[in-house]
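Next come the chains, spelled out residue by residue.
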Amino acid sequence: MNGFLRRIIFYALLIAIWEMVFRLHIWEEFLFPAPLSVLQTLVNGFMDRTFLIGIAISMRRITIGYGISVIAGILLGLLIGRVKLLDETVGSLVLGLQTLPSITWLPLALLWFGLNEKAIIFVVIMGAVFSITIGTYSGVKGVPPLYLKAGRNRGAQGYQLFLQVIIPAALPSIVVGLKQGWSWAWRSLMAGELLFVSLGLGFLLMMGRELNDMSQVIAVMIIIIIIGLVVDKLIFAKLERNLYERWGLDLA
Amino acid sequence: MYLKRELPKLQLKNVSKTFHTKGVELKVLEDIDLGVEEGEFLCLVGPSGCGKSTLLNIIAGLEEPDSGEIFSNGHKVTGPGTDRVLIFQELALFPWLTVIKNVEFGLKMLKIDRKTREGLALEYLKMVHLSKFKDAYVYQLSGGMKQRVALARALAMDPEILLMDEPFVALDAQTGDLLRDELQHIWKETRKTIIFVTHNVREAVCLGDRVLVFSARPGRIKKELRVEYPRPRHIEDPWLTLQRHLPEYIQYVLVQLKKLPYILNQDS
Ligand SMILES: Nc1ncnc2c1ncn2[C@@H]1O[C@H](COP(=O)(O)OP(=O)(O)OP(=O)(O)O)[C@@H](O)[C@H]1O
Ligand SMILES: [Mg+2]
C-alpha cells in the first residue's frame with residue numbers, strides 16, 4: 001500500500017500544480033480550464049449520460065473488434081508458425097502490414113463498408129490483429145523442439161499437440177501479443193472515432209473541440225486513459241502475473 | 001514340427017544415423033544391430049557424444065534413422081507410440097503444468113478419465129516420494145526432484161518398453177539407491193522391457209541383464225556383457241567391481257555362491 005499512497009500524493013501534487021498554473025491566468029480560461037471545472041464536466045457528463053453512452057458505444061466497438069482480432073490473430077499466428085509454406089508467403093505479408101498505421105485503413109474501410117460501425121470495427125481489427133498474429137507466431141516458433149518431442153512421445157498428436165503443448169508453451173509470447181494488440185486496438189478506435197461522426201469517446205473529444213469546450217476535451221481524455229489503465233491492470237496484469245508464477249519468471 | 005522362434009520385443013536392423021549441420025556431416029550411429037527380449041533389462045554405456053540419446057530417440061520414433069529399420073513387437077516403427085516411452089536426458093517436464101499434471105499428461109492423451117488418472121499420478125508420485133510437491137511448478141523443484149517427476153511421468157503410462165536416458169544422474173547416493181531398488185522392483189513386477197542409458201558402469205552392471213558398451217562416435221556396439229548375478233542387486237555390492245576384473249570361472253563360482261541360499265531354500 002506504500003506505493004499506492006505515494007501515487008495518491010503524486011497525483012494530488014499534480015492537480016495542485018495544475019490549479020496553481022490556472023490561477024496564474026497565463027492562458028485564457030477556455031484554453032486552460034481549472035481542475036474543478038473539468039471535474040464538473042465529468043460529473044455533468046455522467047449525469048446526463050452523454051459520457052456513459054460514449055463509453056458504452058466505444059466499449060462495444062472495441063469488444064467486437066478486439067474479440068475478432070484475438071481469434072483471427074491467434075489462428076493466423078498458429079498457422080503461419082506451423083506451416084512452412086504459409087510462413088514464407090503470408091508471414092512476410094503480415095510483417096509488412098503490421099508496420100502500416102491502422103488509421104490508413106480508414107479510407108478503404110469507408111469505401112467498402114460506408115460510414116458505419118463496420119468500417120470502424122474494421123479499422124480496430126486492422127490495428128490489433130497483426131500484433132496478436134506476430135506474438136502468437138513467435139511464440140509458436142520459439143517452442144523448444146524438446147517439448148514437442150516429449151508431447152509426441154506421450155501420445156499427443158494433431159490438435160492435441162496444439163492444445164496441450166504448442167499453445168501452452170507459446171503462451172507467454174501470445175500474451176505479449178494480446179497486450180500489444182489491445183493497446184493498438186484502443187488507439188485505432190480513438191483515431192477512427194475522431195475522424196468521423198460516430199458517437200463514441202473519440203467523437204465526444206471532437207465535439208469538445210468544436211464547441212471550444214476544453215474541459216470536455218480534457219474530461220474525455222481522462223476517461224480514455226482510465227479505461228486503458230483499468231483494462232491493463234484488471235486483465236493483462238492478472239494474466240501476466242498468473243503466467244509468471246507458473247513459469248517461475250521474474251515479475252518484470 | 002516347425003517351431004517359430006519367438007521374435008524379440010524390440011529389434012534394430014542396421015540402424016545408422018548421420019546429422020547434417022551447416023554442411024558438416026556428423027556420423028553418429030553406424031550399423032546398430034540389436035535385439036531386446038521381452039522383459040529384458042538392457043543397459044547402454046559409452047562415451048559422451050557417441051549417440052546413445054540419438055539411439056533412444058530413434059527407438060522412440062522421434063528421429064528417423066538414415067537407414068535401417070526398427071521393429072517393436074514385430075511391427076515396423078514409423079513414428080512415436082505410447083508402447084515406447086522415453087525419459088529424456090533433459091527431462092522435458094512441462095513448465096506450464098504442476099507436478100501432478102505433468103504426471104497425468106500422457107494418461108490424458110490416452111483419454112483416461114480424470115479421477116483414474118489423478119489416482120494413478122498420485123500413486124506414482126508417492127512412489128518417488130514427491131506427494132507433498134504435487135501442486136508445485138517445475139521451477140520450484142531441485143534437479144533430483146525433477147528427475148523423480150520425470151520417472152513418475154513415464155512409469156504412470158505403463159509402457160511395454162521403457163527408454164531411460166541417464167535418469168539417475170542428478171540424484172544423491174541415497175535417493176539413487178532408493179530409485180534403483182524401486183526400478184528393479186517395478187521391472188520385476190511388470191516385466192517391462194527396459195533400455196537404460198548411463199555413464200556409470202557400476203550402475204549398468206547393477207541394473208542390467210545385459211550391458212552394451214558403445215565405441216566413441218560413430219557409435220557402434222563394441223562389447224556385450226551378460227550379468228547373471230541374482231537380484232535384487234545393490235550398487236554397493238562388492239561383486240560389481242569384481243565382475244569386470246575377474247576371470248569368468250571365478251565369476252561363475254561367485255554367482256553360484258550367491259544363489260546358494262535360494263537353492264537350499266527350495267530344497268527344504
Ligand atoms: N539434432 C541434432 N542435430 C545435429 N547434431 C546432433 C543432434 N542431436 C545430436 N547431435 C550430435 O550427435 C552426437 C551424439 O549425440 P547424443 O546426444 O546421441 O550423444 P550421447 O551419447 O547421448 O551423449 P551424452 O552421453 O553426452 O548424453 C553429438 O555429437 C551431438 O552433437
Ligand atoms: Mg545423451
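Keep in mind that this is a model prediction, so the values were computed, not measured. (Residues numbered from 1 in each chain as written. Chains lettered and ligands numbered in written order. Predicted model: local features only at pLDDT ≥ 70, side-chain atom pairs only at ≥ 80, totals over all residues. Heavy atoms only, no water.)

A few words on unusual backbone geometry. Residues and elements named next belong to chain B. The omega torsion across R217 and P218 is -5 degrees, close enough to zero to call that bond cis. Within the secondary structure, P218 sits in the loop between β9 (210-214) and β10 (221-226). Even without a glycine there, the phi angle at N73 is positive, about 55 degrees. Take N73: it is sitting in the loop between β4 (67-72) and β5 (75-76). On the basis of relative accessible area, N73 is assigned to the partly exposed category, the value being 37%. Positive phi outside glycine occurs at L91, with the angle close to 70 degrees. Position of L91 among the secondary structure elements: in the loop between β6 (84-87) and α2 (99-109). (Helix = DSSP H or I, 4+ residues; strand = E, 2+ residues; numbered from the N terminus. Buried < 20%, exposed > 50% of the residue type's maximum accessible area, 1.4 Å probe, protein only.)

Residue and element names in this part refer to chain B. Around ligand 1 sit 15 residues in total, of which S48, K52, S53, T54 and R217 are the nearest. In this structure, an oxygen atom belonging to ligand 1 sits 2.7 Å away from a side-chain N or O atom of K52. Relative to its unbound accessible surface of 640 Å², ligand 1 loses 68% to contact with the protein. Secondary-structure elements contributing two or more residues to the shell around ligand 1 are β1 (10-21), β2 (24-36) and α1 (52-60). Of all the elements, α1 adds the most residues to the shell around ligand 1, at three residues. Of the residues that constitute the shell around ligand 1, the class distribution is four nonpolar, eight polar and three charged. (Near = heavy atom within 4 Å. Polar contact = N/O pair within 3.5 Å; in protein donor to acceptor, adjacent residues only side chain to side chain. Areas by Shrake-Rupley, 256 points an atom, 1.4 Å probe, with all protein chains shown as cover. Nonpolar A, V, L, I, M, F, W, Y, C, P; charged D, E, K, R; others polar.)

Our focus in this paragraph is the domain arrangement of chain B. Size of an interface, as often reported, equals the accessible area lost when the parts are brought together. Residues and elements named next belong to chain B. When cut into domains, chain B gives domain 1 (1-83 + 161-234) and domain 2 (92-158). Between domain 1 and domain 2, the C-alpha centre-to-centre distance is 24 Å. Taken together, the 15 residues of domain 1 in the interface contact 13 residues of domain 2. Taking both partners together, domain 1 and domain 2 bury about 1100 Å²; carbon and sulfur atoms supply 73% of that area. One can count three residue pairs in polar contact (both at pLDDT 80 or more) joining domain 1 with domain 2. If you list the elements that add at least two residues to the side of domain 1 that touches domain 2, you get β7 (161-165) and α5 (173-190). Among the elements that take part in the side of domain 1 that touches domain 2, α5 stands out by supplying five residues, more than any other. The class makeup of the residues in the side of domain 1 that touches domain 2 is 10 nonpolar, two polar and three charged. (Domains from an automatic or database assignment. Contact = heavy atoms within 4.5 Å. Buried area = accessible area lost by both parts, 1.4 Å probe.)

Once that is clear, we can look at the confidence of the model for chain B. Averaged over chain B, the pLDDT score is 86; the fraction of residues at 70 or greater is 87%. Overall fold confidence (pTM) sits at 0.83, and the ipTM for the predicted complex is 0.85. (pLDDT = per-residue confidence, 0-100.)

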